[in-house]
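Close look at the chain arrangement
Residue strings, one per chain:
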Amino acid sequence: MSNDIVLIKTKDDLEISELEPGEVHRIYVQLTDNSLGVPWKVPLVVVKGVEEGPIFGITAALHGNELNGISTIFKLIEEIDPKKLKGSLILVPISNIPGYLMKSRYFSDSVDLNRIMPGKPDGITSNLYAHYFTSKIVKKFDYLLDLHTASHGRVNSLYIRADLDNEVTRTLAYLQNPQIIVKKFDVEGTLRGWANENGIPSITIEIGNPSAFQHSLIDETLEGILNTMRHYGMIEGEVKDMVTDAIICDNSYWIYSKKGGIVDVHPSLADKVQKGQRIAIVYDVFGQIREEILANKNGVVIGKNINPNCDAGTRVLHLGVNLIEPKPESIPGHDDFALGD
Ligand SMILES: [Zn+2]
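This structure is a prediction, so every number in the text was calculated from the model and none was measured. Per-chain numbering applies: the sequence of each chain, read as written, is numbered from 1 onward. Per-residue local features are limited, in this predicted model, to residues with pLDDT of at least 70; the limit for side-chain atom pairs, both in listing and counting, is 80 or more; totals at the level of whole chains, interfaces and linings are taken over all residues. Side-chain metrics rest on all non-hydrogen atoms present in the structure, leaving aside hydrogens and water.

**Things to note about the sheet that holds strand β17 (residues 309-310)**
The strand order β15-β14-β12-β17 describes an open sheet built from 4 strands, whose pairing is antiparallel. Here the strands that pair on one side only, and so sit at the sheet edges, are β15 (289-294) and β17. Two elements, strand β12 (residues 261-265) and strand β14 (residues 278-283), share 4 bridges in a ladder whose sense is antiparallel. Bridge pairing in β14 links D264 to I281. Think of it this way: DSSP has to see at least two bridges between two strands before they count as a pair. Counting from the N terminus, the helices are DSSP H or I runs at least four residues long and the strands are E runs at least two residues long.

The structure is reproduced here in structure tokens:
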């Protein structure tokens, strides 16, 4: 294995087919110039297998403060022997370089990259970066797992956003090892939405909290990725039914405060709550109750606010609702179905 880092210039193309098989390749891909007049360089790790197979792309830190995906990718690199791999992995540990440097969700011009995909070749700063990111990197993928976390001031369970009506993305979702799966149609401007529209099946994996490494969630995410690679024949091993412990929801939404003050949100992540159950209290500055916030449906807690500063209209709790019982035949690695005659 070579530790050399290869540089791909903005004008040049990354040719996966020209890389040596059975090796791990570390590559900097230059995108657009920053205000020093030097290009932003995105790090890629390409694990190139010895046999033909799918090209699996994994992106992390597209929001620059969402870091659990970085450790997931590093652990995956340690786990995979390129000499025993079919197909290739293209891993992007840090997708939003300026956001990562600023410890921020956003790009250097305060734009959310995951709302403007695929960018524009003649757009504003963030649009240009997004254009090169999608055209020079993500277009090479056959499948995409986009790794995120909760936003600042909030905490998440380990959960998947995916279009469950689409067979391929549903399969991708069921192959992971999440606490919760939520059916989400692709929002325009997201990397997932653009990839799915362009023939690259994609799901979003939300791994816990921002600005941290949470190793239990990272290890569960890694287990799901390895299960996915087994399903697509990239590595040896038996595919497991990963939805036995997962809660699958048809929809989810945030519940907001109506009053301002100091908010305390009660349920824990992945707790089930009942319609009418008190989920949060907004206090005034003297410790008196101003608002009791109730669940308006039965559901499961996907994410919650942990920042007590509460303006009226603050997102308090992300509730997953309308639980789905999946069909056994739609679950990869489900024994009952596999053993049928
Ligand atoms: Zn994110």
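**Considerations on the packing of aromatic side chains**
Two rings from Phe, Tyr or Trp (for Trp, the six-membered ring) form a pair when their centres are within 6.5 Å of each other. A pair whose planes differ by under 30 degrees is stacked, one over 60 is edge-to-face, and the rest are tilted. Considering all chains together, one arrives at 4 aromatic pairs under this definition. Aromatic pair F56 and Y232: ring centres 5.8 Å apart, planes at 55°, arrangement tilted. Of this pair, F56 sits in strand β4 (residues 51-60) while Y232 sits in the loop between α6 (215-231) and β11 (247-256), placing them 176 residues apart in sequence. Burial classes follow relative accessibility: with a 1.4 Å probe on protein chains only, a residue under 20% of its type's maximum area counts as buried, one over 50% as exposed, and anything between as partly exposed. Residue class for F56 comes out buried when judged on its relative accessible area of 1%.

**Quick word on empty space enclosed by the protein**
Here a cavity means grid points, on a 1 Å grid over the protein atoms only, where a 1.4 Å probe fits yet cannot get out; a pocket means an open set of points with protein on both sides within 12 Å along at least five of seven lines; lining residues are those with an atom within 4 Å of a point. Grid points are joined across faces, edges and corners, and a volume is the space filled by probe spheres set on the points. The full count for this structure, using the stated rule, is 1 cavity of 30 Å³ or more. Each pocket or cavity is described by its volume, and for the largest cavity that value is around 40 Å³. Along its surface, the largest cavity is lined by L158, I160, Q176, N177, P178, I205, E220, T221 and G224. Put simply, the parts of the chain that give the lining of the largest cavity at least two residues each are β8 (158-162) and α6. Nonpolar residues are Ala, Val, Leu, Ile, Met, Phe, Trp, Tyr, Cys and Pro. Charged residues are Asp, Glu, Lys and Arg, and all others, Gly as well, are polar. Of the residues belonging to the lining of the largest cavity, the class tally is 4 nonpolar, 4 polar and 1 charged.

**Side note on the nonpolar core**
Counting 41 residues, the largest nonpolar core has L76, I80, L89, L91 and M229 as the members making the most contacts within it. Here the element with the most residues in this core is α6; it accounts for 5 residues. Residues belong to one nonpolar core when they are buried, are Ala, Val, Leu, Ile, Met, Phe, Trp, Tyr or Cys, and are joined through side-chain atoms within 4.5 Å.

**Some remarks on the coordination of the zinc ion**
Only N, O and S atoms count as donors, using a 2.8 Å cut-off from the metal and 3.2 Å for Na, K and Ca, and because water is excluded some sites may appear unfinished. Within the protein, the atoms that donate to the zinc ion are H63 (ND1), E66 (OE), E66 (OE) and H148 (ND1), at distances of 2.0 to 2.6 Å. By the criteria applied here, four donors are tetrahedral when all angles lie between 85 and 135 degrees, four are square planar and six octahedral when opposite donors are over 155 degrees apart and every other angle lies between 65 and 115, and any other arrangement is irregular. One can describe the donor arrangement at the zinc ion as irregular, given that its 4 donor atoms subtend angles of 54 to 148° at the metal. In the primary structure, the donors to the zinc ion are separated according to the pattern H-x2-E-x81-H. Note on H63: relative accessible area 3%, which makes it buried. E66 gets classed as buried once you look at its relative accessible area, which sits at 1%.

**Observations regarding unusual backbone geometry**
The omega torsion of the bond from M117 to P118 falls at 10°, within 30 degrees of zero and hence cis. With respect to the helices, strands and loops of the structure, P118 is situated in the loop between α2 (97-101) and α3 (125-136). Phi at K103 takes a positive value of approximately 55°, unusual for a residue other than glycine. Inspection of the secondary structure puts K103 in the loop between α2 and α3. The phi angle at N322 is positive, at roughly 55°, despite the residue not being glycine. When you line up the elements, N322 lands in strand β18 (residues 315-323). Given the relative accessible area of 37%, N322 is considered partly exposed.

**Points about the environment of A195**
Along the chain, A195 turns up in helix α5 (residues 191-197). Sequence separation of A195 and P118 is 77 residues, and the distance between their C-alpha atoms is 8.8 Å. Throughout, a residue-residue contact means that at least one pair of heavy atoms, one from each residue, lies within 4.5 Å. In this structure A195 touches L144, I200 and S202, once residues within four positions along its chain are discounted.

**Thoughts on the pairing of strand β3 (residues 39-48)**
Summarising burial for β3: 7 of the 10 residues are buried, a large majority. Direction of pairing for strand β2 (residues 23-33) relative to β3: antiparallel, over a ladder of 9 bridges. The residue of β3 that forms the bridge with V29 is V42. Linking β2 to β3, which pair antiparallel, is a turn of 5 residues; within it G37 sits at a positive phi near 80°.

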